[in-house]
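The chain contents come next:
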Amino acid sequence: MSRIRMLGPKEQLQSCLGCIQDVGLVQLIEPAATEVLRPLGLNIEQAHHLRSVRKVVEDVDTALELLGVTPEPPKAAEGFPLPKAALIAGRTRRQLEALAEQSQGLEEERALILKFRPFFSAFRKIGDSGLDLDGIRVFYLVLREDGEQELRRMRAALRQALGDGFELLNQPSESGESAMLLAVPTADAAKAEALLSEAGVQSLSLPDQFEGEGVSATIRRMQTRLDELPEALAALERERARVARERGRELAWIQASVRDHLATVEAMEKAVVTQRAFVLEGWVPKAAQRDLERRLGSSCGPGFEIETVSSEEWSGDTVPVVLNNPRLFRPFEAITKMMPLPKYGTVDPTPFVAVFFPMFFGIVLGDIGYGTILAAISLILRIRSQADTTLRSVSEIGLACSLFSIIFGFLYGELFGDLGHRIGLDPLIFNREEAFFPYLGFAVALGLVHIVVGLLLGAAKMFRGNKRRAIGKGMAAVMVVVIALALMAAFEMLPERFFTPLVITALVALPVLIIGEGILAPIEFVSTLGNVLSYARIMAVGTASVMMAVVANRMVGAFGSVVVGVLFALVFHLINFVLGVFSPTIHVLRLHYVEFFGKFYSPGGAQYRPFRHWSRRESASDERSE
Amino acid sequence: MQLEMVFLYLSAALAVGIPALATGWAQSRIGPAAAAALAEKPELTVTVVLLIAIPETLAILGFVIAVLILLQAGG
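What you are looking at is a predicted structure, and each value in this text was computed from that prediction instead of being measured.

Peer 1: An account of the overall build of chain B is requested, with residue identities and associated values reported.
Peer 2: From N to C terminus, chain B includes 3 helices and 0 strands. Listing every helix and strand of chain B by position from the N terminus yields α-α-α. Its C-alpha radius of gyration of 17 Å places chain B more than 25% over the 11 Å reference for a compact globule of 75 residues. The buried share of chain B, taken over its 75 residues, is 20%. Taking all contacts inside chain B whose residues are at least 6 apart in sequence as the whole, residues at least 24 apart take part in 73%.

As C-alpha cells, then:
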C-alpha cells in the first residue's frame, strides 16, 4: 500500500472528490490537522443537507427491507433528484410500515384465537347452559388433566370468599385439559382474580373486540374471524406485492443514487483545508498508484497534485489490507477471508491454501466417481454464478478439489469405492482398503511438510523484527524434520547408522531452540509434534469414506432382489458422497486454520474500503466481512 | 491364544469407543453454546466450526490406534 496526499484548489474539492469516486481506488483517511491545515467541517446548511440525505438513506433501506425484494437499479442511470427521492422513499416507507403493522396485528389476532380454539366446543357447551351474563365478569380458565382435586379446592375457596355469588362450570376440552368458566358479579371480580392467581390457575384473556358478549356469541364471532383472517392477510400481501412491482425498481435506483451522494458528502468531512487549498489523504494499492495518478491528473484539472507520503510517517498498524493473488489462486482468498484478515506486512497464506487445501481434500475423497460428480456440480455452480461472488469462488474451489479427487482416485484405483478394482482399475500407489500403514505414513508425512512450511513462514515473518525468535522458529522446523528422520531410522525405514547422528543433532538443536524462543519452547515444540500427528485424520476420514463406499457396493447382492439392492446402494452412495464432501472440507479447513495458520498467521488487518460508487453487492460483502 | 485375541479386539473397541464418547460429550457442551453464540453473532461461524471440530481429534486418533491394534491382531 502507498499513502498518498492529494492537494488542489479549495473550490475544486467537490469536483475532485467526484473524480476520486469515479476512479474508486483511494481509501480516504483524515489527515492530521495542524495550525495551517484545519478540518473543512460543514456549515449549518451543509449539516442540514447531510441529515436529510441520511434520512432518505434510512427510509429507502427500510422500505426495501420491508419489500423483501432487491430489484436491480436501471443500468447507467443518472443521479435521482434528491427532493423527489426523499418524497418517494418517505411515502413508500410509511405505506409499507403501515402494511407490516396491520399484517402483524392480524397474525397476533389469529395466534390468540388459535389459543382458544381447543376450548371452543367446551366453552360453547358451558355458554349454552343458559347463564345470564348481564352485570357479571366472566373468566375463561384452563385446568390441567388431573385438575379434579384442584377444581374442588377452588370451588371451596370461592364459596368461602364469595358465598353463593358465583358460577363455576367446567367441560373437558379436545386437548384433554378442562375448560372452565367462572362468572362472578363485577363487584367481586378483583377478589376472584386474586384467588385465581393464588391458586396458579391459567386464565385466557379475550381479545379486546370480543369482550362483553355472551360465551356462545363470542365463540361464534371468533370462529368467523378465524375464517376471515387468511383472506385479510392475503389482501395485505397482494398490496405489498403491488407496491414492490410499482416502486421496487425506482427504490433501488434511489438507494444507489442517494448512497453514492452520501459517500461524497461524508468524504468531504475527511478533507482539511487552508485558505485556498484542500488536502486529502488516503491509501492506494502500490500496483494501482501509477494508474490512479494518470487518471486523476487528466480528470481533476490544473492545480491538482498527488504526492506519496513517505513510509516513515505512517505506522503499519493503520494500513488497510487488500489480498492480491494471481488469478489461479484468487478463489482461495475466500478461505483466507473466513479468518480475520492478516495484518499489513505479514504473510498472506492464500497461495499455500490454494495448493494444500484441494490436495488434502483429494487425498481424503480420492475417488474418480465422486470426483466427477463434484466436478459436474461445481461446473454448474460456476456457470450459474456471477463473477466476483462467493458462489463463484466456492465453485472454483470445488473444481480444484474435484480435480485432485480424480487424480488420487486413479492413484488409489477407486471408482465409487471398490468398483474400480472390480473392473480392473489397479491402484498405482496403494489400495486404501488394505494399506492402512502406508496411508497413515503418507498422511503424517504430508502433515510434516505442511507444518515445516508453516514454521519456515513464521521464521521468515519474524526475521524482519525479532531475529532471535526467527532462528528459534527455524530451529523448530529443523528439529521436526530431524526427529521424523530419527524415527524412520529407528523403525529401519532409513539405514540404522543414521539414528545416532540424528539424535545428537536434535539434542544440539534443543538449546538453540530454548535460547531463541524462551524457556517454554520445548512445550510448544511438543504441541507442534502433536500438530503433525493430527494429520492422521486425513487417513482416518479417507478410510471411513472408502469403507462406506465398499459397504454400499456390497448392498447390491445383499437383499435378494437386485433392483432393491441397487436402490439401496445408490442411496448409500449418495449419503457417502455428501459426507465425503462435507467431512474433508471441515477437517482440511481445521488443519489449515489450527495447525498451519497457527505457526505464522497474524490476524488483525483492516479491510481495504476504497471511496467509490455504491453497489449493493460490495456493500453486502463489506457487511459480511465485518 | 483365543483369550489373547478377545483382549486385543476388546482393547481396539475401547480405543475407539472411549474417545468417541469423550468427543460426543465435549461436542454436546460446545454445540449449544456455539448455537447460542451464532444466534447473536453469525460472523463467528468459522470459529464455531473449528471449536466443534477440535474434539474430533480424540475420536480420530482413537480410530487410528484401534486400526493399529487390529492390524497387530492380524484382523
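Peer 1: Lay out the overall build of chain A in plain terms, naming residues and giving numbers.
Peer 2: A count of helical and extended segments in chain A gives 20 helices and 12 strands. For chain A, the C-alpha radius of gyration of 36 Å lies well beyond 25 Å, the compact-globule estimate for 626 residues. Expressed as a percentage of its 626 residues, the buried residues of chain A come to 31%. Considering only intrachain contacts with a sequence separation of at least 6, the fraction spanning at least 24 residues in chain A is 76%.

Peer 1: Got a sec to walk through the interface of chain B and chain A? Specific residues and values, please.
Peer 2: Listed per partner, the contact involves 11 residues of chain B and 14 residues of chain A. Listed by contribution, the elements that provide at least two residues to the side of chain B that touches chain A are α2 (45–53) and α3 (56–73) of chain B. With 7 residues, α3(B) is the single largest residue contributor to the side of chain B that touches chain A. Here the residues of the side of chain B that touches chain A sort into 10 nonpolar, 1 polar and no charged.

Peer 1: Explain the packing of helix α18 (residues 536–554) of chain A against α3(B) to me, using residue names and the numbers behind them.
Peer 2: Where α18(A) contacts α3(B), the axes come no closer than 9 Å and their chain directions differ by 75°. In terms of axis orientation, α18(A) runs roughly perpendicular to α3(B). Side by side, α18(A) and α3(B) meet where Ala536(A), Arg537(A), Met539(A) and Ala540(A) of the first sit next to Thr57(B), Ile60(B), Leu61(B), Phe63(B) and Val64(B) of the second. Residue composition of the contact of α18(A) with α3(B), by class: 7 nonpolar, 1 polar and 1 charged.

Peer 1: I'd love a proper account of the sheet that holds strand β6 (residues 178–185) of chain A, names of residues and values included.
Peer 2: All names here are of chain A. Strand order in the open sheet made by the 4 strands is β5-β6-β4-β7, with antiparallel pairing throughout. Every interior strand has two partners, whereas the edge strands, β5 (167–172) and β7 (202–204), have only one. Averaged over all pairs of adjacent strands, the angle between their axes in this sheet comes to 30°, without regard to strand direction.

Peer 1: Account for the nonpolar core, with residues named and values stated.
Peer 2: A general tendency of soluble globular proteins is for nonpolar side chains to be buried together. In terms of nonpolar packing, the biggest core is built from 65 residues, with Phe357(A), Phe360(A), Phe361(A), Ala476(A), Ile538(A) and Phe63(B) touching the most fellow members. The element contributing the most residues to this core is helix α10 (residues 350–365) of chain A, with 10 residues. Sequence-distant contacts of Phe360(A), defined by excluding residues within four places in its chain, comprise Ile538(A), Val588(A) and Leu591(A).

Peer 1: Give me the lowdown on the confidence of the model for chain B, citing residues and values where you can.
Peer 2: Any segment with low pLDDT has predicted coordinates that should not be analysed in fine detail. Per-residue confidence for chain B gives a mean pLDDT of 86, with 96% of residues at or over 70. Here α2(B) is the element of chain B with the lowest mean pLDDT, 81, and helix α1 (residues 2–40) of chain B is the one with the highest, 91.

Peer 1: Give me unusual backbone geometry: which residues, what numbers.
Peer 2: When glycine is set aside, most residues are seen to have a negative phi, and most peptide bonds are trans. Residue and element names in this part refer to chain A. A positive phi angle, close to 60°, is found at Asp388, a residue other than glycine. Here Asp388 shows up in the loop between α11 (368–384) and α12 (390–412). Positioned with a positive phi, Glu492 is a non-glycine residue whose angle comes to about 60°. Among the secondary structure elements, Glu492 is positioned in the loop between α15 (467–490) and α16 (499–517).

Peer 1: Lay out the pairing of strand β1 (residues 2–9) of chain A with the relevant residues and their values.
Peer 2: Residues and elements named next belong to chain A. Relative to strand β9 (residues 277–284), β1 is paired through 8 bridges, and the arrangement is antiparallel. Looking across to β9, one finds that Pro9 is bridged to Ala277. Across 5 bridges, β1 lies against strand β10 (residues 305–309) in antiparallel orientation. The residue of β10 that forms the bridge with Arg5 is Glu307.

Peer 1: Hey, could you go over α15(A) for me, with residue numbers and the actual values?
Peer 2: Residues and elements named next belong to chain A. The end-to-end C-alpha distance of α15, which contains 24 residues, comes to 34 Å, matching closely the 34 Å that a straight helix rising 1.5 Å per residue would cover. Along α15, the residues classified as buried are Gly472, Lys473, Gly474, Met475, Ala476, Ala477, Met479, Val480, Val482 and Ala486. The inward-facing, buried residues of α15 contact α14 (436–463), α16 and α17 (521–534). Backbone geometry just after α15 places Glu492 at a positive phi near 60°.

Calculation rules
Residues numbered from 1 in each chain as written. Chains lettered and ligands numbered in written order. Predicted model: local features only at pLDDT ≥ 70, side-chain atom pairs only at ≥ 80, totals over all residues. Helix = DSSP H or I, 4+ residues; strand = E, 2+ residues; numbered from the N terminus. Rg over C-alpha atoms; globule rule 2.2 N^0.38 Å. Buried ≥ 20, exposed ≤ 12 C-beta atoms within 10 Å, placed from the backbone. Contact = placed C-beta atoms within 7 Å. Nonpolar A, V, L, I, M, F, W, Y, C, P; charged D, E, K, R; others polar. Axes fitted to C-alpha atoms, helices over the stretch in contact; angles between N-to-C directions. Parallel < 35°, antiparallel > 145°, perpendicular 65-115°, else oblique. Pairing = 2+ DSSP bridges. Core = buried A, V, L, I, M, F, W, Y, C linked by C-beta atoms within 7 Å. pLDDT = per-residue confidence, 0-100. Expected span 1.5 Å × (residues − 1).

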